[in-house]
Amino acid sequence: MKIIFLGAPGAGKGTQAEIFSERYGIPTISTGAIIRQAVRDGTPTGLAAKSYMDRGALVPDDVVVELIRERLAEPDCRNGFILDGFPRTVPQAEALDRMGIRPDAVLSLDVPDDVIVARMSGRRVCGACGATYHVTSKPPRVEGKCDKCCADLTVRPDDDPAVVLDRLSVYHSTTEPLKGFYEKLGLLVSVTGQDTVEATTELVLAALEANA
Ligand code: AMP
C-alpha cells in the first residue's frame, strides 16, 4: 500500500501518518524528518538544506528527490509506505511517477490557516531523535522530555509564527496545486483535519475504505 499524505504544515500529516504506519505495518517516510536528521548529522545535504528550512522555504527539488529515491530503495519499503511531506511540488510528483511509483491514494488533510497557526505554537520536537509532540493534543509523559529517548524537547525554528505564515504561503502557491494533479488521476481523497487526532483518524479510515 502506497499512500501520500498531503496538507499544509501543521495539518496533522505526521501524526496521522504515524498512526497508519503502525496500523498497516509500513514505514512513514517524512522528507522533513530525513532533512532534520541530515542537519543534526551535519552532512553536506543537511548543511545545504538548513538555510532553506529555517526560513520556511522549500529545499530544491533535485536534493529532495534524491533523498527520497535512496530512502524508497531500502528493504522496509518493499510492502508499501506512507509519504509525509513528499511530494510538495508538481515536479516532485512527476519525479515520483518517473521512478515508477504510483500511489494507491493521496489523502489531503484540509485545515484552515488560522487553526494551523494556533496549533503550531504548541508543537515540540525532540532535539535528539526527532520525535514530535504537542503540548495539548499529544503531550509527552514527562513535560519537556521525549518519551522515546528522554532528551529535551524544543520548538522547531520554522514553527516560529512569522515563519509559519511564510510556510503556509509556500503551501498554497506551490504544494496545493498537487490536489488538482492527483484529482485528475482519480487518486485524491480529502478530509477535514480540524477535530481531535482520533476523530481525524476515523475520517481518514472511512475515506480510504470508500476509495479502496
Ligand atoms: P516538514 O517537517 O514536512 O514540515 O518539513 C520541514 C521543512 O523541510 C520544509 O519547510 C522544507 O524546508 C523541507 N522539506 C520537507 N519536505 C520537503 C519537500 N518535499 N520538498 C522541499 N522541501 C521539503
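These notes cover the structure that comes with them. Since the structure is predicted, the reported quantities are computational estimates derived from the model, not experimental observations.

Re the nonpolar core
Within the largest apolar cluster, 24 residues are counted, with the highest numbers of intra-cluster contacts made by Leu72, Leu83, Leu96 and Tyr182. Sorting the residues of this core by element identifies strand 1 (2–7), helix 3 (44–54), helix 4 (61–72), strand 3 (81–84), helix 5 (90–98) and helix 8 (177–184) as the ones contributing at least two each. A per-element tally of this core places helix 4 first, with 5 residues. If we ignore the near neighbours within four places in the chain, the residues touching Leu72 are Ile29, Cys77, Phe81, Leu83, Leu96 and Ile101. Ranked by size, the runner-up nonpolar core spans 23 residues in total, among them Ile3, Val111, Tyr171 and Val191.

Notes on the pairing of strand 5 (residues 123–126)
Here 3 bridges tie strand 5 to strand 6 (residues 132–134), and the two strands are oriented antiparallel to one another. Paired with Arg124 across the two strands is Tyr133, which belongs to strand 6. Taken together, strand 5 and the strand that follows it, strand 6, pair antiparallel across an intervening segment of 5 residues, in which Gly130 is found at a positive phi of about 90°. Summarising the sheet, strand 5 and strand 7 (residues 153–154) pair through 2 bridges and their orientation is antiparallel. Counted as the bridge partner of Cys126 is Leu153 from strand 7.

As for the site of the ligand
With respect to spatial proximity, 16 residues lie near the ligand, and among them Thr31, Ala57, Gly85, Gln92 and Arg167 are the closest. One nitrogen or oxygen atom from the side chain of Thr31 is found 2.8 Å from a nitrogen atom belonging to the ligand. For the ligand, the protein covers 96% of the area, taking 480 Å² as the surface of the free molecule. Considering every element that reaches the shell around the ligand, the biggest residue donor is helix 2 (residues 31–41), with 4 residues. Taken together, the residues of the shell around the ligand sort by class into 7 nonpolar, 4 polar and 5 charged.

Brief notes about helix 1 (residues 13–24)
In an α-helix, one turn spans 3.6 residues, which is why side chains three or four residues apart end up on the same side. An ideal rise of 1.5 Å per residue puts 16 Å on 12 residues; helix 1 measures up with 16 Å between its terminal C-alpha atoms. Residues of helix 1 that are buried include every one of Lys13, Gln16, Ala17, Phe20 and Ser21, and no others. All buried residues of helix 1 project into a common sector of 140° when viewed along the axis, lining one side. Turned more than 90 degrees away from the buried face of helix 1, the exposed residues are Glu22 and Arg23. Count one or two residues on from helix 1 and you reach Gly25, which has phi positive near 65°.

Description of helix 8
By the burial criterion, the buried members of helix 8 are Leu178, Lys179 and Tyr182. All buried residues of helix 8 project into a common sector of 105° when viewed along the axis, lining one side. Among the exposed residues of helix 8, those oriented more than 90 degrees off its buried face are Glu183 and Lys184. For helix 8, the elements touching its buried residues are strand 1, helix 5, strand 4 (105–110), helix 7 (161–175) and strand 8 (188–192). Positive phi shows up at Gly186, right after helix 8, with a value of about 75°.

Concerning the sheet that holds strand 1
Sheet architecture is open: 5 strands sit in the order 2-3-1-4-8, paired in parallel fashion. Looking along the sheet, the strands with just one partner apiece sit at the ends: strand 2 (28–30) and strand 8. Pairs of neighbouring strands in the sheet enclose a mean axial angle of 25°, with direction left out of account. Note that strand 1 and strand 4 share 5 bridges and pair parallel. Looking at the pairing, Leu6 lines up with Ser108 of strand 4.

Each value, and the rule that gives it
Residues numbered from 1 in each chain as written. Predicted model: local features only at pLDDT ≥ 70, side-chain atom pairs only at ≥ 80, totals over all residues. Heavy atoms only, no water. Core = buried A, V, L, I, M, F, W, Y, C linked by side-chain atoms within 4.5 Å. Buried < 20%, exposed > 50% of the residue type's maximum accessible area, 1.4 Å probe, protein only. Helix = DSSP H or I, 4+ residues; strand = E, 2+ residues; numbered from the N terminus. Contact = heavy atoms within 4.5 Å. Pairing = 2+ DSSP bridges. Near = heavy atom within 4 Å. Polar contact = N/O pair within 3.5 Å; in protein donor to acceptor, adjacent residues only side chain to side chain. Areas by Shrake-Rupley, 256 points an atom, 1.4 Å probe, with all protein chains shown as cover. Nonpolar A, V, L, I, M, F, W, Y, C, P; charged D, E, K, R; others polar. Expected span 1.5 Å × (residues − 1). Arc of directions from axis to C-beta. Axes fitted to C-alpha atoms, helices over the stretch in contact; angles between N-to-C directions.

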